[in-house]
Amino acid sequence: MIKTVRSFLKSIDFFKSATLLFSILVPLALLGGLGKLSLAMSLVTGVLLCSPSDVPGSIRHMVVGILAGSTLAILNTLAIQLSLKSVWTLVPVMSGLVFFNAMLSVYGFRGSLVSFSGLLAIMLAFAHPATGYELLVHLALILVGGVWYLVVTMLAHTLVYRRQNQLILAECMDLTARYLRIRSRLIPHPPQANQLQKELFRLQTDINEKHEKLREIFVEERTRSGTSHSANKYLLIFIELVEMLELALSNPANYQQIETLWAGQEKMLKPLTDVLEATADRLEALAAVVSGDQPLTTQAMPSPEEAYERIRRHFNDYSSSSSYEHTLVLRNLLDYEHKQQQKIASIERVLRNVVDQKKIIQQSREMQQFMTHQDYDPGVIKQNLTWHSPIFRHAIRLTVTVLAGYALGAVLPVQNSYWIMLTIIVIMRPGYGLTKSRSIQRVVGTLIGGGIALGVVLLTQNPYVYGVLAALSVLFAFSLIQKNYAGGAAFITLYVIFLYALLQPDALSVVQFRVLDTVLGAGLSFLAGLFLWPSWEFMNIRSVIADSISTNRRYLQEISAFYQDKGALPTSYKLARKGAFLAIGDLSAAFQRMSQEPKSKQPFFSELYEMVVLNHTLLSAAAAMGTFIQHHRTSEKSPHFQAFIDSTDGNLERAQACLNREKPVTGHPLPDLTQAISYLDRQRKKVVEHHQESLPELLLEPEEKHPSWQEVSLMTGQLQWLHSLSENIRKAAQEMMSREE
């Protein structure tokens, strides 16, 4: 418990919330002390409207986002204020503004933050109606508030910029450790394998997001400070994390084979899973070192060589009575664990300042190529003005729902009708699942916050108590809102109620109307997400699957080229790997969103789940082949190897074309694999016959003594498995599309 609280107080979210609180309290104290509370509230409004764009990552992007959010907020506030006199003017102006601001989400994550600032400004404009000189002062103070917050947050980032980057890297290390741990629990195939697989899908998405954010940070760090020592260290750690993820994804890949081979002997594999658990534990410990929560020690885990030797001794007796298949799988698992421990050891060396400067400079220069650049061309909005765009549908849905909230507030005797609309723009998201969960959590959080506030109001009417509690509520509200939405909503409710309790005596009515308005807004949001032109995930998931297949094809081609050329790992290979990892993360996220939607909106659920698993497994098999080629001496690539790759690619191309309702680009028949299969089988039989009497040596002795057996056995198995997976993907795609017709 103490560790959790300490971690929370050191988190980026808590720091950002403290920065926001400081930015709010200073103008309130200065202007409020001079009796200018209304001016202070206008300035605080400017702070709140630009703060959403203050997120970890590129400082340049953050500054542009804050300025864009502040500018948009001023323009939206002006438009609403000028339209308030007539409902016939207000309704079309508000509709156009809500639609336009919602469409800004087509510009990705940063665009959605600016979009939210604009939408928030539209709703808050109803709280401060003004005209003439008063309006100009209000708008000027919104601008001052934005500039004030930018100055404060820039100073804060200057003080703790490196600390924030450390925390993001530490979070990435923790996520990777969890990924390693779950992969280890899949050995052998347990009864809860499907649930663990879904958790892996979710983690893959989270890790991909952290990787993208860290790439952005490292490129910016290089621009700002060149190759500083600390930045170099963290860059090398990040590189090791990317390679650890590839290793974890690739080994061991065929869990069903492991389950079959060790049926009834699962305990035999426990030393392997124990070491993997220890590896995850050590990575978590190193994450705590990076975040500054504990010093670096060497006692938490044995060295890679010691751990490897311990497992080798365990299998010494077993190997003499095992089959060739057992030996091959065990050797691959042992090699995998050894490599993962070497990665851990590399991270430890980096943290001990044993750094290869030449490697750092080379990797720093490469990093720019791995950035995902957002296209901010105005034409992007025009391209999305179509019914097929989820953002377009969301913008229409949000506009209609906001208008319904406005009408409902005008009809019902509520205290602040704009609270209904404010709840709508906070809750509604393009996807039904997230809108539903946020609606429920918002209501629950508001009820909890309202109940606590009611108890406080009944106990005391002390304005100083209200002020202190309001300030603390802001601090915890924005700290929790990303990780615990219900908790964040509870503290936001507390803040609003205590703030209004300071401004008017009837605090009980504030509690009542706050709860009522939230329930109305959440109810409208949920119903709109369910009935107003929803973008059900099954409508778009085919294209996401096709994108994943396309990136897997490119990754396979790079693996094949690397097998041919050998040498240093080319940048094109790393880019293809990154693309495949991001695409499988997008596919996993899309499937998770679909699983949160109504059962009636999940057609072909089992088939789609099979496609997700098949694509994930294909990527794992490809990564297994790629990592083996990277870390072992290999022979020349044979034409039979390329025949399997070409046939696998042909199957994937046909599946991709089928999902896109297109014809395959090549149009050529698939290669005949009869000769290739016969050749690989002969090679494998030769190796098995040659080494059948020396299985203990194959398992326990260095690879250099038996250079070819592992390559022949693994490559044969992986090629046939990849081809089988590609056939299954092609058949699944064809069957799914035929059922749709």
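Keep in mind that what you see is a predicted model, and the values were worked out from it rather than measured.

Here the focus is the packing of aromatic side chains. Evaluation of the coordinates by the stated rule reveals twelve aromatic pairs. On the basis of an interplanar angle of 75° and a centroid distance of 5.7 Å, the ring pair of Trp 387 and Phe 392 is categorised as edge-to-face. The class of Trp 387 is partly exposed, set by a relative accessible area of 38%. Given the relative accessible area of 13%, Phe 392 is considered buried. An aromatic cluster is built from Phe 99, Trp 387, Phe 392 and Trp 533, whose rings are joined through pairwise contacts.

As a further point, take the packing of helix H4 (residues 59-83) against helix H6 (residues 108-124). In the contact formed by H4 and H6, the axes pass within 8 Å of each other and the chain directions differ by 25°. Looking at the two axes, H4 sits roughly parallel to H6. As H4 runs across H6, the sense of the crossing is right-handed. Residues His 61, Met 62, Gly 65, Ala 68, Gly 69, Leu 72, Ala 73, Asn 76, Thr 77 and Ile 80 of H4 pack against Arg 110, Val 114, Ser 117, Gly 118, Ala 121 and Ile 122 of H6. Considered class by class, the residues forming the contact of H4 with H6 number eight nonpolar, seven polar and one charged.

Here the structure, examined in full by the defined rule, presents 13 salt bridges. We note a salt bridge from Asp 206 to Arg 202, for which the minimum N-O separation is 2.9 Å. With Asp 206 and Arg 202 both in helix H8 (residues 193-225), this residue pair falls four residues apart, about one helical turn. Overall, Arg 202 belongs to the partly exposed group, its relative accessible area being 28%. Each of the salt bridges in this network shares a partner with another, and the network as a whole consists of Arg 178, Glu 199, Arg 202 and Asp 206.

One recurring pattern in soluble globular proteins is that nonpolar side chains are buried together. Counting residues in hydrophobic clusters, the biggest one holds 195 residues, and the most contacted among them are Met 173 and Ile 237. Top element by residues in this core is helix H7 (residues 132-185). It accounts for 18 residues. In this structure, Ile 237 is in contact with Leu 169, Met 173, Val 290, Ile 347, Val 350 and Leu 351, ignoring residues within four places of it in sequence.

So, about the packing of helix H5 (residues 87-103) against helix H17 (residues 390-411). Relative orientation of the contacting elements H5 and H17 amounts to 150°, with a least axis distance of 8 Å. In the packing of H5 onto H17, the handedness of the crossing is right-handed. On H17, the residues touching Val 87, Leu 90, Val 91, Met 94, Ser 95, Val 98, Phe 99, Ala 102 and Met 103 of H5 are Ile 391, Phe 392, Ala 395, Ile 396, Leu 398, Thr 399, Val 402, Leu 403 and Tyr 406. Classifying every residue of the contact of H5 with H17 gives 16 nonpolar, two polar and no charged.

A surface patch of nonpolar side chains, amounting to about 340 Å² of accessible area, comprises Leu 143, Val 147, Val 151 and Leu 155. Looking at the secondary structure, you find Val 147 in helix H7. Note on Val 147: relative accessible area 39%, which makes it partly exposed.

Attention now goes to unusual backbone geometry. In this model, Trp 533 sits at a positive phi of 45°, which is unusual for a non-glycine residue. Tracing the chain through its elements places Trp 533 in the loop between helix H22 (507-531) and helix H23 (541-565). Trp 533 gets classed as partly exposed once you look at its relative accessible area, which sits at 34%.

Because each turn of an α-helix spans 3.6 residues, side chains separated by three or four positions in sequence point in the same direction. With 22 residues, helix H11 (residues 270-291) should reach 32 Å at 1.5 Å per residue; the first-to-last C-alpha distance of 31 Å fits that figure. For H11, a buried count of 17 out of 22 residues is recorded, marking the element as mostly surrounded by other parts of the structure. Gly 292, located one to two residues past H11, shows a positive phi value of around 90°.

For Arg 393, the position within the fold is in helix H17. Of the side chains with opposite charge, Glu 597 lies nearest to the buried Arg 393, which makes no salt bridge, at 10 Å.

What follows deals with the environment of Gln 81. Positionally, Gln 81 belongs in helix H4. A relative accessible area of 4% places Gln 81 in the buried class. Taking the C-alpha atoms as reference points, Gln 81 and Pro 129, 48 residues apart in sequence, are found 6.2 Å from one another. With residues near it in sequence (within four places) discarded, Gln 81 still touches Ala 125, His 128, Pro 129, Ala 130, Leu 135 and His 138.

With that out of the way, let us pick up the environment of Val 137. Within the element layout of this structure, Val 137 appears in helix H7. Counting along the chain gives 98 residues from Val 137 to Leu 39, while the straight-line C-alpha distance between them is 8.2 Å.

What counts and how
- Throughout this description, residue numbers start from 1 for each chain and increase along the sequence as written.
- Given that this is a predicted model, residues contribute local features only at a pLDDT of at least 70 and side-chain atom pairs are listed and counted only at 80 or more, while totals for whole chains, interfaces and linings are drawn from all residues.
- Side-chain descriptors were evaluated using all non-hydrogen atoms of the structure, hydrogens and water having been removed beforehand.
- Two aromatic rings from Phe, Tyr or Trp, using only the six-membered ring of Trp, form a pair when their centres are within 6.5 Å; if the ring planes differ by under 30 degrees the pair is stacked, by over 60 it is edge-to-face, and anything between is tilted.
- The classification of residues rests on relative accessible area computed with a 1.4 Å probe and restricted to protein chains. Under 20% of the type maximum is buried, over 50% is exposed, and intermediate values are partly exposed.
- Axis definition: a line fit to C-alpha positions, over the contact stretch in the case of helices; interaxial angles, taken between N-to-C directions, run 0 to 180 degrees.
- By definition, any uninterrupted DSSP run of H or I lasting at least four residues is a helix, any uninterrupted run of E lasting at least two residues is a strand, and each is numbered from the N terminus.
- Here is the rule for angles: anything less than 35 degrees is roughly parallel, anything more than 145 is roughly antiparallel, 65 through 115 is roughly perpendicular, and the remaining ranges are oblique.
- Helix crossings fall into two classes, left-handed where the near helix is turned counterclockwise from the far one by less than a right angle and right-handed where it is turned clockwise.
- The contact definition used throughout considers only heavy atoms, calling two residues in contact when any of these lie within 4.5 Å.
- For this scheme, ten residues count as nonpolar: Ala, Val, Leu, Ile, Met, Phe, Trp, Tyr, Cys and Pro. Four count as charged, namely Asp, Glu, Lys and Arg, and the remainder, Gly too, count as polar.
- A pairing counts as a salt bridge when a side-chain nitrogen of Lys or Arg comes within 4 Å of a carboxyl oxygen of Asp or Glu.
- Grouping buried Ala, Val, Leu, Ile, Met, Phe, Trp, Tyr and Cys residues that are joined through side-chain atoms within 4.5 Å yields what is termed a nonpolar core.
- Patch criteria: residues need more than 30% relative accessible area and no salt bridge. Like-charged residues are merged within 9 Å; nonpolar side chains of Val, Leu, Ile, Met, Phe, Trp and Tyr are merged within 5 Å.
- Calculation of accessible area relied on Shrake-Rupley with a 1.4 Å probe; when residues are assessed, cover is drawn exclusively from the protein chains displayed.
- Expected helix span is given by 1.5 Å per residue-to-residue step, counting one fewer step than there are residues.
- By the counting rule applied here, Lys and Arg register as positive and Asp and Glu as negative, while His and the ends of each chain are not counted.

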